[in-house]
Each structure stands twice: as C-alpha cells, then as structure tokens.
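What follows is the residue order along each chain.
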Amino acid sequence: MTLARRIIPCLDVDAGRVVKGVEFEGLRDMGDPAELAARYNLEGADELVVLDISATNQGRGTFLDTIRRVAEQLNIPLTAGGGIRTLEDGRSVLRAGADKVTVNTAAVKRPELISELSQQFGAQAVVLSVDVKRTGPETWEAYTRGGRDATGLDAAKWAAEAVSRGAGEILLTSIDRDGTCSGFDCDLTARIAATVPVPVIASGGASDFDDFLDVFQKGAADAALAASVFHSATHSIAALKKYLVERGIPIRLSK
Amino acid sequence: MKVAIVDYGAGNLPSVERALQKLGAETERAVRPEQIINAQAVVLPGVGHFSAFVAGLHERNLTSSLRMAHDSGIPILGICLGLQAMYELSEEAPGEPGLGFFRGEVRMLPQNVKAPHIGWNQVERRQPSQLLIGIPDDAYFYFAHSYAAPGDGDEIAAVCNHGVPFAAVIEQKNLAGVQFHPEKSGETGARVLKNFLESVPQ
C-alpha cells in the first residue's frame, strides 16, 4: 500500500476560457475549460485545479459557471480558486462543484479566513496557495497578487502558520521558475515539505519528464502541478505517468 | 432503481448524484425521514466535521429513520464521513454519538504521517468484498480525511494504511461503507458504486 504521488494539470481561466500568459503578447487562448478538463480526466490526471486569473467581481458568475461545467466532466477531485476573499466566496466555489478551495492574497491580509474555511468545510477542503521568490540560498519570501506584491513573510513560516490555522495542503509556486521551463525549484519544495505536516503541491517551471522525476525524488513533493506543458499536448499525462512509474515513483496508472 | 442520497446540509452532493446517475440509478435528495424509510437504497455521503454531520441529521430527524432503514434491511452505503458516522463515537466530536451501527471509535490519524491523508492510495483486502468485485488488488482510490475508523472489526472488508491500518471498506449485512470517495476515484470508484447498486434487491 503506497500513497501515490499526484500529477495535477492546472487551468488558468479568464472570462470562461483557458489562457496562457505569454511575454510581450499578453494572454493566449488555450481552449475551452470543460473540453480540456474532459481530456485530462481521460488521460489519467489525479486531480484538476481551476484558477480564475482575472479574479474580478464582474467575472465571478462566469467563473462559477466554469466550475460547474468543468466539474460535470470529472470523476477526479477538483480544486478551484483565484480571488477568494470571504467564507461565502469559498462556499460558492464548493457549491458549484469544487472539492477544495484555494486561497492566497486574502489569506495573507486576513489569516483568519483559513481558520473560517477549515472549520466550516474541513482541512481537506482548504488549500493555501503560496507564491514565492528566492531571497537567499535557503530562504524564500511569499508574494501576493499574482507575484506583484512582496509580503515580507518568510514562505516556510507562513506555510506553517497556515497549516496551524487549518490549511490541509500547500500549493507552492516558484515565481522565479514559473514560465521559464527550467524545472521545479526542488530546494524550495524539499524545505517546505520538511516544515509542514500536510501535503505539498509543487508548481512552477515544469518543462520535461525529468523535472517531474526530480521534484518527487529530490524535492519530496507530494504532487506536481503544471499548466502549459500539458495544454500544448506535446506531453500527455499518460506518457508522463508511465515514465515516472518506470523509474520507481508510486503513481496511479488508470486503464 | 431509486437511491436516496441523504442531504444533511453540508455535503457536496452533485458529484455523488452524477456518478450514480451515470450508472443508471435514479437519485433523490433525502431531507425527510420517510424518503429514507421508503428508499430502495440509501447513500450517506459526508465531508467536513463529524459534529456538523451528526447535528445535521438530528435537525432533520433523519437519525432514527437511518436506524429504521438499517433494521429493515435497506442497503446503506456510507461515504467518507458517512462511513465514520456509522460508528459509536468520534474523537473529532467527543460526546456526540454517531449512529452506532458498528462498535468502536473513529480516531485522528497519527502524528507521524502527513494529515490530512489526501491522495490516491491502495487497500488490502481482509475478506471477500461485494464492493470490490472486479477491481484489481493494486487499484487506487482517492482519500481525503484526517480521522479514520478502526481497522480490526468484523465488518472490515479492506483496510488502508496511513500511519495505522484503518477501515477503508466495511460490509456487514445491508450496511456498507468506504472511507475513500468513489465519486472521485475515476473508473475504479464507478465500479465500487456499480457493485453497491448491484447488491440492492430488485
């Protein structure tokens, strides 16, 4: 009996479409969220994350509709978030069909949000998203608002506080690596995984199969998340999982 | 076939409904006692806190109807917290009794492992299981919980291990329960639900 490491595709959604941020170009359309969700479900994704990257109040209804459409396609767990500010925001996302809600900026401003969500829905439904930049050989700082605002918080301390308040998982994104295709920051995930007693999902920098192998072997990550690597269809999730199993990583292979 | 899904006010019901409907079952959200007593089969899903769950059942007068359903032989499937609620007590809510269909106390997972236990894990069979018919021994199921029922009772069909062995699949007469989420466990989970539906007398 072994708890499998998870492979988690992420859909960044703006105005009901999956998008990808491209340098100098802005956002590129990557497709329909429900169609991509159905494809990943079939390919053997262990879970799916949907993030509202516009996170404006006007777009809230559209995002909830996206969650409903995505959830209908899945028989695996769904995490949703982006712009979650209140307990009610969390409730509406879960009601729309998500199993877990992820919080970031609002939780830094008001950490009680984590406690409120956890008491109401259980720790297994609360994922703290931490976006970090490296500040030294073994130190990282948490950022909010999609990497724009420094918080002054040490990433490891912030993750530990969030867990003590009831976060059940940490979604850890290296801003330095995000979009660079230079691999996950394995020092970072190893550091946070050794600090908190909950699962750590590594994100940012994935490019090829070896990056995933590294983050599980050297980075001690419980799960690995990526977006554009999977959308472009150059790397199928099924092929990635087969590659990892052949190298001794405990992975769920679906039929 | 008509399946009553117990709606105690906090569960994520659409995914359970969708999974059962895909298998051809008709589903009904049970919020009144007679819906449970008159059901062909009952599914008791649950997420969140044990005390909210128990309180939600009490507020809707569903506790005694679940006991009556149990006594009259209606097949009942508990999912996650729904399995845990079939035991006498839970460490998560001391002093608030569960349904007491099985002896024992639901305990917090030990400190030496990551908790919540979140992700896909395997189970080890302890006796022939209706729910696991046609499912390979090394199949994975999706778990998301911090508390678990003891792994040593007569009702245990399969255990999972996360720091301690705990009840993953329980089966006794018309009662069944799974600690994992079959509605989130891909094709394997769908097979578990199909096996449950096939155990229901027509």
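Residues numbered from 1 in each chain as written. Chains lettered and ligands numbered in written order. Predicted model: local features only at pLDDT ≥ 70, side-chain atom pairs only at ≥ 80, totals over all residues.

**A few points about the overall build of chain A**
Note the threshold: Only runs of H or I of at least four residues qualify as helices and only runs of E of at least two qualify as strands under DSSP, and these elements are numbered from the N terminus. We take the radius of gyration over the C-alpha atoms and set the globule estimate at 2.2 Å times the residue count to the 0.38 power. By the criterion used throughout, residues are in contact when their C-beta atoms, derived from the backbone, lie within 7 Å.
Helices and strands together make up the secondary structure of chain A, namely ten helices and twelve strands. The C-alpha radius of gyration computed for chain A amounts to 17 Å, which stays within 12% of the reference 18 Å derived for 255 residues, consistent with globular compactness. Once the C-alpha set of chain A is aligned to its principal axes, its extents read approximately 45 × 45 × 40 Å. Taking contacts inside chain A between residues at least 6 apart in sequence as the whole, the part at least 24 apart equals 64%.

**Quick word on the overall build of chain B**
For clarity, the threshold we go by: Any residue surrounded by 20 or more other C-beta atoms within 10 Å of its C-beta is treated as buried, while 12 or fewer makes it exposed and the intermediate range makes it partly exposed; C-beta atoms here are placed from the backbone.
Check the secondary structure of chain B and you find six helices and 13 strands. Over its C-alpha atoms chain B spans a radius of gyration of 15 Å, differing by no more than 12% from the 17 Å that the globule rule assigns to 202 residues. Evaluated residue by residue, chain B yields a buried proportion of 53% over its 202 residues.

**A look at helix 5 (residues 112–121) of chain A**
Residue and element names in this part refer to chain A. As a reminder of what qualifies: In this description, the arc belongs to the directions extending from the helix axis to the C-beta atoms.
Those residues of helix 5 that fall on the buried side of the exposure criterion are Leu113, Ile114, Leu117, Ser118 and Phe121. Projected down its long axis, helix 5 shows its buried positions confined to an angular sector of 125°, all on one face. As for helix 5, its buried residues are in contact with helix 3 (87–95), strand 6 (100–103), helix 4 (105–109), strand 7 (126–136) and helix 6 (155–164). The first or second residue beyond helix 5 is glycine 122, which carries a positive phi of 95°.

**Remarks on the sheet that holds strand 10 (residues 147–148) of chain B**
Residues and elements named next belong to chain B. Stated precisely, the cut-off is as follows: By the convention used here, strands pair only if DSSP detects at least 2 bridges between them.
Strands sit in the order 5-6-10 across an open sheet of three strands; the sheet is mixed. Each edge of the open sheet is held by one strand with a lone partner, namely strand 5 (87–90) and strand 10. As paired strands, strand 6 (residues 102–108) and strand 10 are joined by two bridges and run antiparallel to one another. Bridge assignment links methionine 108 to a residue of strand 10, and that residue is tyrosine 147.

**Side note on the interface of chain B and chain A**
Facing the 31 residues of chain B at the interface are 28 residues of chain A. Elements with a contribution of two residues or more to the side of chain B that touches chain A: helix 1 (13–22), strand 7 (117–121), strand 9 (141–145), strand 11 (156–162) and helix 6 (186–198) of chain B.

**What to know about the nonpolar core**
Heads up, the condition is: Working definition: the nonpolar core is a set of buried Ala, Val, Leu, Ile, Met, Phe, Trp, Tyr and Cys residues, joined through C-beta atoms within 7 Å.
In this structure, A:Leu48, A:Ala159, A:Ile170, A:Ala224 and B:Val42 are the most contacted members of the largest nonpolar core, which totals 155 residues. Broken down by element, the residue count for this core peaks at six residues, all from helix 6 of chain A. In this structure, A:Ile170 is in contact with A:Leu128, A:Val130, A:Ala159, A:Ile192, A:Val196, A:Val198, A:Val200 and A:Ile201, ignoring residues within four places of it in sequence.

**Re the pairing of strand 9 (residues 149–154) of chain A**
Here three bridges tie strand 8 (residues 139–144) of chain A to strand 9 of chain A, and the two strands are oriented antiparallel to one another. Paired with A:Thr144 across the strands is A:Asp149, a residue of strand 9 of chain A.

**Considering the confidence of the model for chain B**
Stated precisely, the cut-off is as follows: The predictor reports its confidence for every residue as pLDDT, a score running from 0 up to 100.
Across chain B, the average pLDDT comes to 95, with 99% of residues at 70 or higher. Confidence estimates for the predicted assembly give a pTM of 0.96 and an ipTM of 0.95.

**Some points on the sheet that holds strand 8 (residues 124–125) of chain B**
In space, the eight strands of this open sheet follow the order 2-1-3-4-13-12-11-8 (chain B), with mixed pairing throughout. One side of each edge strand has no neighbouring strand; the edge strands of this open sheet are strand 2 (26–30) and strand 8 of chain B.

**Comments concerning unusual backbone geometry**
Along the chain, B:Ala115 connects to B:Pro116 via a cis peptide bond; the corresponding omega equals 5°. In this structure, B:Pro116 sits in the loop between strand 6 and strand 7. In this structure, A:Cys181 is a non-glycine residue whose phi angle is positive, near 60°. Its place among the elements puts A:Cys181 in the loop between strand 10 (169–174) and helix 7 (186–195).

**Quick look at helix 8 (residues 209–217) of chain A**
All names here are of chain A. Of all the positions in helix 8, only Asp211, Phe212, Val215 and Phe216 are classed as buried. Down the axis, helix 8 shows its buried residues gathered within 130° of arc, on one side only. Of the surrounding secondary structure, the elements contacted by the buried residues of helix 8 are helix 7, strand 11 (200–203), strand 12 (223–226) and helix 10 (237–246).

**Here's the deal with the packing of helix 6 of chain A against helix 7 of chain A**
Packed helices, taken two at a time, are described by the angle their axes make and the gap between the axes. Residue and element names in this part refer to chain A. The condition is simple: Note on definitions: angles span 0 to 180 degrees between N-to-C directions of axes, and those axes are lines fitted to C-alpha atoms, for helices only across the stretch in contact. Handedness of a crossing follows from how the near helix is turned relative to the far one, being left-handed for an anticlockwise turn of less than a right angle and right-handed for a clockwise one. Note on residue classes: Ala, Val, Leu, Ile, Met, Phe, Trp, Tyr, Cys and Pro are nonpolar, Asp, Glu, Lys and Arg are charged, and everything else, Gly too, is polar.
At a minimum axis distance of 9 Å, the contact between helix 6 and helix 7 shows a crossing angle of 35°. The hand of the helix 6/helix 7 crossing is right-handed. Along its contact with helix 6, which presents Ala155, Ala156, Ala159 and Ala160, the element helix 7 presents Arg191, Ile192 and Thr195. Class assignment of the residues belonging to the contact of helix 6 with helix 7 gives a composition of five nonpolar, one polar and one charged.

**A few points about the environment of A:Ala227**
Residue and element names in this part refer to chain A. Along the chain, the position of alanine 227 falls in the loop between strand 12 and helix 9 (228–231). Its 24 C-beta neighbours within 10 Å are what place alanine 227 among the buried residues. Sequence-wise, alanine 227 and glutamine 217 are ten residues apart; in three dimensions their C-alpha atoms are separated by 21 Å. When neighbours within four sequence positions are excluded, alanine 227 is seen to be in contact with Pro9, Cys10, Asp12 and Lys20.

**A short note on the packing of helix 1 (residues 33–43) of chain A against helix 2 (residues 60–71) of chain A**
All names here are of chain A. This is how it is decided: Angles are sorted into four bins: roughly parallel if under 35 degrees, roughly antiparallel if over 145, roughly perpendicular if 65 to 115, and oblique for all others.
As a packed pair, helix 1 and helix 2 sit with axes 8 Å apart at the nearest point and diverge in direction by 30°. Relative to helix 2, helix 1 is oriented roughly parallel. Of the two elements, helix 1 crosses helix 2, and the hand of that crossing is right-handed. Contacts between helix 1 and helix 2 pair Pro33, Ala34 and Ala37 from the former with Thr66, Arg69 and Val70 from the latter.

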